[in-house]
Amino acid sequence: MKFIKYLFVGIFFGIVLVKSEAVSWFRIYEMFRFQSFHMYGIIGTAIATGVLFLQISKKGHIKTMQGADLYVPKKDKGFTRYIIGGIIFGLGWALVGACPGPMYILLGTGVWSMLIVIAAAIAGTFLYGILKNKLPH
Amino acid sequence: MDFILNPWPWYVSGPLIAIVMALLLYFGKTFGMSSNLRTLCAIGGAGKFSDFFKFKWKDQLWNLTVVLGAIIGGFIAVHFLSNDSGTALNPNTMTELQHMGFKNPGANLVPDEIFSLEALASAKTLILLVVGGLLVGFGTRYAGGCTSGHAITGLSSLQMPSLIAVIGFFIGGLIMANLILPLIF
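Residues numbered from 1 in each chain as written. Chains lettered and ligands numbered in written order. Predicted model: local features only at pLDDT ≥ 70, side-chain atom pairs only at ≥ 80, totals over all residues. Heavy atoms only, no water.

- As recorded in an unreviewed UniProt entry, chain B goes by YeeE/YedE family protein and comes from Pseudotamlana carrageenivorans.
- Among the UniProt annotations of chain B, the heading Subcellular location (unreviewed entry) holds the following wording: "Cell inner membrane". (UniProt positions renumbered as here; feature names shortened; annotations may be inferred.)

- As annotated in an unreviewed UniProt entry, chain A is Transporter from Pseudotamlana carrageenivorans.

**Quick notes on the interface of chain B and chain A**
Here is step 1: Taken together, the contact between chain B and chain A spans 128 residues of the former and 106 residues of the latter.
Here is step 2: Of the roughly 10,200 Å² buried where chain B meets chain A, counting both sides, 79% is carbon and sulfur surface.
Here is step 3: Three residues, Trp 10, Leu 109 and Tyr 142 of chain B, lead the burial of chain B against chain A; their summed loss comes to 8% of the area buried on that side.
Here is step 4: Seen at the junction of chain B and chain A, the total is one salt bridge.
Here is step 5: Between chain B and chain A we count 34 residue pairs in polar contact (both at pLDDT 80 or more) in total. (Contact = heavy atoms within 4.5 Å. Buried area = accessible area lost by both parts, 1.4 Å probe. Salt bridge = Lys/Arg side-chain N within 4 Å of Asp/Glu carboxyl O. Polar contact = N/O pair within 3.5 Å; in protein donor to acceptor, adjacent residues only side chain to side chain.)

**Notes on the UniProt feature "transmembrane region" (unreviewed entry) in chain B**
All names here are of chain B.
Here is step 1: UniProt records the feature "transmembrane region" (unreviewed entry) for residues 12-28, 61-81, 125-143 and 163-184 in the present numbering.
Here is step 2: Annotated as residues 12-28, this span is 88% helix and 0% strand, and its ends, taken at the C-alpha atoms, are 25 Å apart.
Here is step 3: Helix makes up 100% of residues 163-184 and strand 0%, whereas the separation of the span's terminal C-alpha atoms amounts to 30 Å. (Helix = DSSP H or I, 4+ residues; strand = E, 2+ residues; numbered from the N terminus.)

**Section: the packing of helix α3 (residues 38-58) of chain A against helix α8 (residues 147-156) of chain B**
Here is step 1: Contact pair α3 of chain A / α8 of chain B: the axes reach a minimum separation of 8 Å and the direction vectors enclose 35°. Relative to α8 of chain B, the crossing made by α3 of chain A is right-handed. Between α3 of chain A and α8 of chain B, the residues in contact are Ala 46, Ile 47, Gly 50, Val 51 and Leu 54 of chain A and Ala 151, Ile 152, Leu 155 and Ser 156 of chain B, respectively.
Here is step 2: Broken down by class, the residue content of the contact of α3 of chain A with α8 of chain B amounts to seven nonpolar, two polar and no charged. (Axes fitted to C-alpha atoms, helices over the stretch in contact; angles between N-to-C directions. Left-handed = near helix turned anticlockwise from the far one by under 90°. Nonpolar A, V, L, I, M, F, W, Y, C, P; charged D, E, K, R; others polar.)

**Concerning the side chain of Ser 156 of chain B**
Here is step 1: You can see Ser 156 of chain B is positioned in helix α8.
Here is step 2: Given the relative accessible area of 1%, Ser 156 of chain B is considered buried.
Here is step 3: At a separation of 2.7 Å, a polar atom in the side chain of Ser 156 of chain B contacts the main-chain carbonyl oxygen of Ile 152 of chain B.
Here is step 4: Setting aside residues no more than four positions away along its own chain, Ser 156 of chain B makes contact with Ala 46, Ile 47, Gly 50, Val 51 and Leu 54 of chain A together with Met 21 of chain B. (Buried < 20%, exposed > 50% of the residue type's maximum accessible area, 1.4 Å probe, protein only.)

This is the structure we're talking about:
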């Protein structure tokens, strides 16, 4: 039963990403061609709302359901891994038009070919795990 | 009901995505979809090959539940909450894509030329899907997050590493959409 809330968050997430067209291959292409404001509007207002939420929570007005302070994990300091890893992900994002969330959501909409993309993404993650210690971070 | 069935405007969608992040933080968790790929590796026994996959994956089952929900959400959205309005793309984008050989840009969420089951008969399509997936899986883990973990959660919490990662996302995306895709299609 404690998992049911995560299931509902996931359902909500899936619906929002389909209805916002953020899972559309075409919208991602359009964004990277600077031909529409749509995706920038979505990402921009999501971040603005997120900043506002976290600033309010910092003042102590919002706690977790367990009553603790909200906790956002701090990313490790660095540059190389973020820029190179980011570029590699960006290449894939614009190619298949889907980041890791939309890959699953599109599967739900009936795009069965996403199973191949997901399997390859798991393989890519595995490859990173194998090569991790040899890569600059 | 048209406002539900039609595509939602960006100024509604963005804040709703932030609510997903806020709800997970309220539950004491973090919004990050690419971590699930690592969890799936660990469940599959990847810990035998790299310590990177040796962790208590059972602690991540909540996130796989979000994934399951997202799949169901995708199903509900197209079958019960949509009409056939299609995506209102920029006319220039549509013309451009038609010149590249895409027949009905925006008619569906993804182009048939890449994602239909018939398209799988072509080796080019298959390679494209596999290479795309590999890049996404490798890149997100190398960068330590994807659009949800870095662009939404990381930038909302004003973290410099996430800003660098998101700049990387855009460099990669711009190179693919502007330089490489025109060569492929």
